[in-house]
Amino acid sequence: DHEKQYVGFATLPNQVHRKSVKKGFDFTLMVAGESGLGKSTLVNSLFLTDLYKDRKLLNAEERINQTVEIVKHTVDIEEKGVKLKLTIVDTPGFGDAVNNTECWKPITDYIDQQFEQYFRDESGLNRKNIQDNRVHCCLYFISPFGHGLRPVDVEFMKALHEKVNIVPLIAKADCLIPSEIRKLKERIREEIDKFGIKVYQFPECDSDEDEEFKQQDRELKESAPFAVIGSNTVVEAKGQRVRGRLYPWGIVEVENQAHCDFVKLRNMLIRTHMHDLKDVTCDVHYENYRAQCIQQMTSKLTQDNRIESPIPILPLPTPDTETEKLIKMKDEE
Amino acid sequence: PVDSKNEAAMSELVPEPRQKPVVPMKPMGINANLLGYIGIDTIIEQMRKKTMKTGFDFNIMVVGQSGLGKSTLVNTLFKSQVSRKSSGWNREEKIPKTVEIKAIGHVIEEGGVKMKLTVIDTPGFGDQINNENCWEPIEKYINEQYEKFLKEEVNIARKKRIPDTRVHCCLYFISPTGHSLRPLDLEFMKHLSKVVNIIPVIAKADTMTLEEKTEFKQRVRKELEVNGIEFYPQKEFDEDLEDKTENDKIRQESMPFAVVGSDKEYQVNGKRVLGRKTPWGIIEVENLTHCEFALLRDFVIRTHLQDLKEVTHNIHYETYRAKRLNDNGGLPPMTVETEENHESNL
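Per an unreviewed UniProt entry, chain B goes by the name Neuronal-specific septin-3 and belongs to Buteo japonicus. Recorded in UniProt under Subcellular location (unreviewed entry), the annotation for chain B is "Cytoplasm". If you open the UniProt record of chain B and go to Sequence similarities (unreviewed entry), you find "Belongs to the TRAFAC class TrmE-Era-EngA-EngB-Septin-like GTPase superfamily. Septin GTPase family."

Where an unreviewed UniProt entry is consulted, chain A appears under the name Septin-type G domain-containing protein, with the organism given as Buteo japonicus. Taken directly from UniProt, the Sequence similarities (unreviewed entry) text for chain A runs: "Belongs to the TRAFAC class TrmE-Era-EngA-EngB-Septin-like GTPase superfamily. Septin GTPase family."

Right, dumping it as structure tokens:
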């Protein structure tokens with residue numbers, strides 16, 4: 001009887017998702033901060049992997065002449081049939097030198113290069129298998145030992161906040177007691193405001209979400225910057241096996257929300273905001289880059305930026321065999 | 001407009017309602033499950049929320065001689081008056097001298113999903129005495145939509161969601177002669193199958209008996225094959241074995257769908273059904289033993305809607321774009337100086 005009213009396109013989201021699940025997803029996460037702030041451990045904790053098995057830690061002398069490197073690790077993760085190609089972009093050497101002037105430059109260059117590559121691919125002839133290597137999120141680790149942001153923190157974030165979604169974190173938060181954490185968070189929030197740093201903003205909750213969700217959303221926003229602890233060792237606590245750090249005075253449980261914000265970070269990064277992080281990267285950061293790029297290429301200033309200008313497009317990369325086949329096919333047609 | 005509160009009917013056909021992502025509410029004891037679960041699969045839920053918010057565009061074109069029931073069929077497909085039926089040519093209205101393109105948009109909502117549906121009618125097609133090249137205005141319209149999209153894409157400050165007016169699906173109505181395709185049918189489909197997804201349908205199928213229908217369909221399929229006409233779903237775009245198996249069955253057995261449309265309801269066996277009442281019985285539109293309307297509807301709307309859009313975007317549009325870039329020496333199209341935008345002097 002009600003069949004009459006039912007057309008059936010409410011299945012459209014499922015059709016979309018079926019295709020996405022088949023294709024799989026990708027996500028590129030950058031981590032930045034001084035050495036020894038627990039970045040690698042945190043990444044391993046977030047994704048339950050061991051990406052840094054064969055890492056060799058350099059000592060101070062070896063690091064004197066080290067410059068900031070960009071190191072990529074890729075891992076394929078599958079859960080409940082959903083495939084994720086996760087790329088972690090590491091930035092060893094950042095902030096480690098005696099003179100750290102512009103140590104963020106290799107990082108901004110890297111981000112720009114990914115944008116440029118995407119821009120070329122997007123403007124090219126064969127767009128079938130474009131690889132998206134753009135950086136979707138940058139976790140920036142702030143030392144818990146200071147009194148807030150250090151000059152290098154401020155400069156780094158200001159150099160990157162219009163190129164990538166920055167999520168600032170307070171690292172190794174288990175060296176602080178709750179009141180110290182509160183104070184530090186407040187201080188950092190004030191300084192972020194004061195210096196005009198644009199960190200990633202969690203989008204507004206939909207008005208039709210239930211109270212539970214809205215409450216979680218509020219708590220999320222109030223906890224920023226997240227104070228995190230990472231660990232990949234399992235210890236025994238209260239008769240249960242948990243991921244944590246064993247101290248003589250007690251056990252720090254990574255996934256205990258009373259101990260640190262790890263769960264909030266993980267939920268935000270993976271379970272609720274991963275898609276939005278990618279969207280903001282595509283719709284805001286990349287578009288800014290693209291617009292700037294085009295503007296720079298055209299020597300004229302246009303008043304109304306909705307008007308087209310002649311775009312002497314970037315020279316197309318030498319066509320690969322597939323593109324050449326495509327061109328030949330079109331010619332023959 | 002559709003009533004979206006029909007959970008009972010929908011639950012059989014729509015998969016279970018979306019799950020909320022698993023997020024612990026307040027600090028609680030460690031849940032042993034969390035030790036091993038990252039939560040990547042929730043990205044599906046995130047995407048779903050996003051797509052539900054933004055809604056969908058769908059543009060469907062109908063082509064065929066007048067009187068083949070195009071408007072009625074589209075109205076039946078979408079259970080609303082989305083297409084204005086022509087009640088035949090009265091003395092005041094004239095048969096259009098050329099093919100006209102009439103696009104009408106509607107927003108329909110169902111199960112929380114909003115669709116901006118545009119029905120593109122092509123009155124005048126095939127109705128003239130001399131129908132040579134009558135597909136040209138249609139091909140032109142389709143290419144114009146690709147051009148519009150391309151211009152938006154290369155713009156400096158482009159919209160987050162480029163409005164999509166491209167034709168995702170073209171239903172071509174074949175007259176139920178029972179003999180074979182007409183030359184005009186072949187000409188149209190040959191030209192247009194290269195630029196748009198064509199779904200051939202046999203109109204007013206209630207004029208054929210079951211055997212006549214089966215034979216006619218076989219003949220039509222053979223003719224299409226012999227003439228190299230690739231209708232949707234095109235063999236070359238099957239993504240994997242699963243798709244190929246599913247689509248092979250549709251291509252080789254079900255298509256072209258023999259349909260009957262109606263917007264009138266009758267009482268049959270205690271149920272109200274859409275149908276056509278004849279002295280010899282009631283033809284039930286959604287009864288699979290009577291006609292294949294339900295197959296067409298499920299195909300276009302419930303299973304392949306997204307794929308129709310993707311093939312349009314990834315294949316037809318890309319082909320158009322590649323050709324334009326090549327013609328232009330690798331440069332994206334430039335604005336032609338017109339009155340409206342002469343300030344944008346190149």
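From this point on, the discussion continues.
S.K.: Kindly report on the overall build of chain A, identifying the contributing residues and their values.
M.R.: The helix and strand inventory of chain A stands at 10 helices and nine strands. Sorting the 333 residues of chain A into buried and exposed places 50% on the buried side. Sequence-distant contacts, at least 24 apart, represent 67% of the contacts inside chain A between residues at least 6 apart.

S.K.: Residues and numbers for the overall build of chain B, please.
M.R.: Summing up its helical and strand segments, chain B has nine helices and nine strands in all. Per-residue burial over chain B gives 51% buried out of 346 residues. For chain B, the proportion of contacts with a sequence separation of at least 24, taken over those separated by at least 6, is 68%. Of the accessible surface of chain B, which amounts to about 17200 Å², a share of 52% is contributed by carbon and sulfur atoms.

S.K.: Let's hear about the sheet that holds strand β8 (residues 271-278) of chain B: which residues, and what values?
M.R.: Residues and elements named next belong to chain B. With antiparallel pairing, three strands are arranged side by side in an open sheet as β7-β8-β9. Each edge of the sheet is formed by a strand with only one pairing partner; in this case those strands are β7 (265-268) and β9 (281-284). Strand-to-strand twist across the sheet, computed as the mean angle between neighbouring axes with direction ignored, equals 65°. Across four bridges, β7 lies against β8 in antiparallel orientation. When the bridges of β8 are listed, Tyr266 appears paired with Val273.

S.K.: Now, about the environment of Leu160 of chain A: what can you tell me, with residues and values included?
M.R.: Residues and elements named next belong to chain A. Summarising the element assignment, Leu160 is placed in helix α5 (residues 151-160). With 49 residues separating them along the chain, Leu160 and Ile111 place their C-alpha atoms 9.0 Å apart. Filtering out sequence-adjacent residues up to four positions away, Leu160 remains in contact with Trp104, Ile107, Thr108, Ile111 and Ile166.

S.K.: Explain the pattern of salt bridges to me, using residue names and the numbers behind them.
M.R.: Applying the stated criterion to the full structure yields 49 salt bridges over all chains. With a shortest N-O distance of 2.5 Å, Arg243 of chain A and Glu255 of chain A are connected by a salt bridge. One end of the pair, Arg243 of chain A, is in strand β8 (residues 240-247); the other, Glu255 of chain A, is in the loop between β9 (250-253) and α8 (262-272), and 12 residues separate them in sequence. The same class applies to Arg243 of chain A and to Glu255 of chain A, which are both buried. Through salt bridges with shared partners, a single network forms among Glu122, Glu287 and Arg290 of chain A together with Arg158 of chain B.

S.K.: Account for the sheet that holds β9 of chain A, naming residues and giving values.
M.R.: All names here are of chain A. Across the sheet, which stays open at both edges, the three strands sit in the order β7-β8-β9 with antiparallel pairing between neighbours. Whereas interior strands pair on both sides, the edge strands pair on one side only; in this sheet they are β7 (234-237) and β9. Ignoring which end each strand starts from, the neighbouring axes of this sheet average 70° apart. As judged from the four bridges shared by β8 and β9, these two strands associate in the antiparallel manner. Its bridge partner being in β9, Gly244 is matched across the sheet by Glu253.

S.K.: Which residues make up the nonpolar core, and what are the values?
M.R.: The biggest cluster of nonpolar side chains holds 169 residues, and the ones touching the most others in it are Phe47 and Leu139 of chain A together with Phe78, Leu171, Phe188 and Ile199 of chain B. When residues no more than four places from it in sequence are discounted, the contact partners of Leu139 of chain A are Leu29, Met30, Val31, Ala32, Leu42, Leu46, Val167, Leu169 and Leu265 of chain A.

S.K.: Now, about the confidence of the model for chain A: what can you tell me, with residues and values included?
M.R.: A residue-level look at chain A finds 86% of positions with pLDDT of 70 or above and a mean pLDDT of 83. Note that pLDDT drops below 50 for residues 304-320 of chain A; the model gives that stretch 42 contacts with residues more than four away or on any other chain.

S.K.: Help me get a handle on the UniProt feature "site: Important for dimerization" (unreviewed entry) in chain A, residues and values and all.
M.R.: With numbering matched to this structure, UniProt assigns "site: Important for dimerization" (unreviewed entry) to Phe145 of chain A. Tracing the backbone through its elements, the reader meets Phe145 of chain A in the loop between β4 (137-142) and α5.

S.K.: Any chance you could break down the packing of aromatic side chains for me, citing the residues and the numbers?
M.R.: Evaluated as defined, the whole model comprises 17 aromatic pairs over all chains. Ring centres of Tyr140 of chain A and Phe156 of chain A lie 4.6 Å apart, and the angle between their planes is 20°; on these two criteria the pair is classed as stacked. Separated by 16 residues along the polypeptide, Tyr140 of chain A in strand β4 and Phe156 of chain A in helix α5 bring together distant segments of the chain. Residue Tyr140 of chain A is classed as buried on the basis of its relative accessible area of 1%. Geometrically, the ring pair formed by Tyr232 of chain B and Phe299 of chain B is tilted, given 5.7 Å between the ring centres and 50° between the ring planes. Of this pair, Tyr232 of chain B sits in the loop between α6 (210-226) and α7 (241-254) while Phe299 of chain B is found in helix α8 (residues 293-303), placing the two residues 67 residues apart along the sequence. Judged by its relative accessible area of 4%, Phe299 of chain B falls in the buried class. By way of ring pairs, the aromatic residues Phe115, Tyr118, Tyr286 and Tyr289 of chain A are connected into one cluster. A cation over a ring is seen here: Arg166 of chain B above Phe149 of chain B, with NZ or CZ 3.6 Å from the ring centre.

S.K.: So, the state of the cysteines: which residues are in play, and what are the values?
M.R.: As used here, a disulfide is simply a covalent bond connecting the sulfur atoms of two cysteines. Residue and element names in this part refer to chain A. Tallied over the entire structure, the rule returns zero disulfides over all chains. Cys137 takes part in no disulfide bond, and the closest cysteine sulfur to it belongs to Cys138, at a distance of 7.0 Å. The thiol of Cys260 is not disulfide-bonded; the next cysteine sulfur, from Cys175, is found 12 Å away.

S.K.: Break down the pairing of strand β2 (residues 71-79) of chain A for me, with residues and values.
M.R.: Direction of pairing for β2 of chain A relative to strand β3 (residues 82-90) of chain A: antiparallel, over a ladder of nine bridges. Counted as the bridge partner of Lys72 of chain A is Val89 of chain A from β3 of chain A.

S.K.: Account for helix α7 (residues 211-223) of chain A, naming residues and giving values.
M.R.: Side chains of residues three or four places apart in an α-helix project in the same direction, reflecting 3.6 residues per turn. Spanning 13 residues, α7 of chain A covers 18 Å between terminal C-alpha atoms, matching the ideal 18 Å at 1.5 Å per step. Within α7 of chain A, burial applies to Phe213, Gln216, Asp217, Leu220 and Ser223 of chain A. Down the axis of α7 of chain A, the buried set is contained in an arc of 130°. They therefore lie on one face. In this structure, α7 of chain A carries Glu211 and Glu222 of chain A as exposed residues pointing more than 90 degrees from its buried face. Where α7 of chain A is buried, its residues meet α6 (178-194), β6 (226-227) and α8 of chain A together with α2 (42-54) of chain B.

S.K.: How would you summarise the side chain of Gln257 of chain A if you had to cite specific residues and measurements?
M.R.: Residues and elements named next belong to chain A. Along the chain, the position of Gln257 falls in the loop between β9 and α8. You can call Gln257 buried: its relative accessible area is 17%. Looking at Gln257, its side chain comes within polar contact range of the side chain of Lys264, at 3.4 Å.

S.K.: Which residues make up the side chain of Thr122 of chain B, and what values go with them?
M.R.: Residue and element names in this part refer to chain B. Within the secondary structure layout, Thr122 lies in the loop between β3 (113-121) and α4 (136-154). Judged by its relative accessible area of 0%, Thr122 falls in the buried class. With residues up to four places along the chain from it excluded, the contact list for Thr122 reads Met61, Val62, Val63, Gly64, Val99, Glu100, Ile101 and Ile138.

S.K.: An account of unusual backbone geometry is needed here, citing residue identities and associated values.
M.R.: Of all residues except glycine, most have a negative phi; of all peptide bonds, most are trans. Cis rather than trans, the peptide bond between Tyr232 of chain B and Pro233 of chain B has omega equal to 0°. With respect to the secondary-structure elements, Pro233 of chain B resides in the loop between α6 and α7. Across the junction of Met255 of chain B and Pro256 of chain B, the peptide omega takes the value -10°, indicating a cis bond. Of note, Pro256 of chain B is situated in the loop between α7 and β6 (257-258). The phi torsion at Lys80 of chain A lies on the positive side, around 50°, for a residue other than glycine. Summarising the element assignment, Lys80 of chain A is placed in the loop between β2 and β3.

Conventions and cut-offs
- Residues numbered from 1 in each chain as written.
- Chains lettered and ligands numbered in written order.
- Predicted model: local features only at pLDDT ≥ 70, side-chain atom pairs only at ≥ 80, totals over all residues.
- Heavy atoms only, no water.
- UniProt positions renumbered as here; feature names shortened; annotations may be inferred.
- Helix = DSSP H or I, 4+ residues; strand = E, 2+ residues; numbered from the N terminus.
- Buried < 20%, exposed > 50% of the residue type's maximum accessible area, 1.4 Å probe, protein only.
- Contact = heavy atoms within 4.5 Å.
- Areas by Shrake-Rupley, 256 points an atom, 1.4 Å probe, with all protein chains shown as cover.
- Pairing = 2+ DSSP bridges.
- Axes fitted to C-alpha atoms, helices over the stretch in contact; angles between N-to-C directions.
- Salt bridge = Lys/Arg side-chain N within 4 Å of Asp/Glu carboxyl O.
- Core = buried A, V, L, I, M, F, W, Y, C linked by side-chain atoms within 4.5 Å.
- pLDDT = per-residue confidence, 0-100.
- Phe/Tyr/Trp six-rings, centres within 6.5 Å; stacked < 30°, edge-to-face > 60°.
- Lys NZ or Arg CZ within 6 Å of the ring centre and 35° of its normal.
- Disulfide = S-S within 2.5 Å.
- Expected span 1.5 Å × (residues − 1).
- Arc of directions from axis to C-beta.
- Polar contact = N/O pair within 3.5 Å; in protein donor to acceptor, adjacent residues only side chain to side chain.

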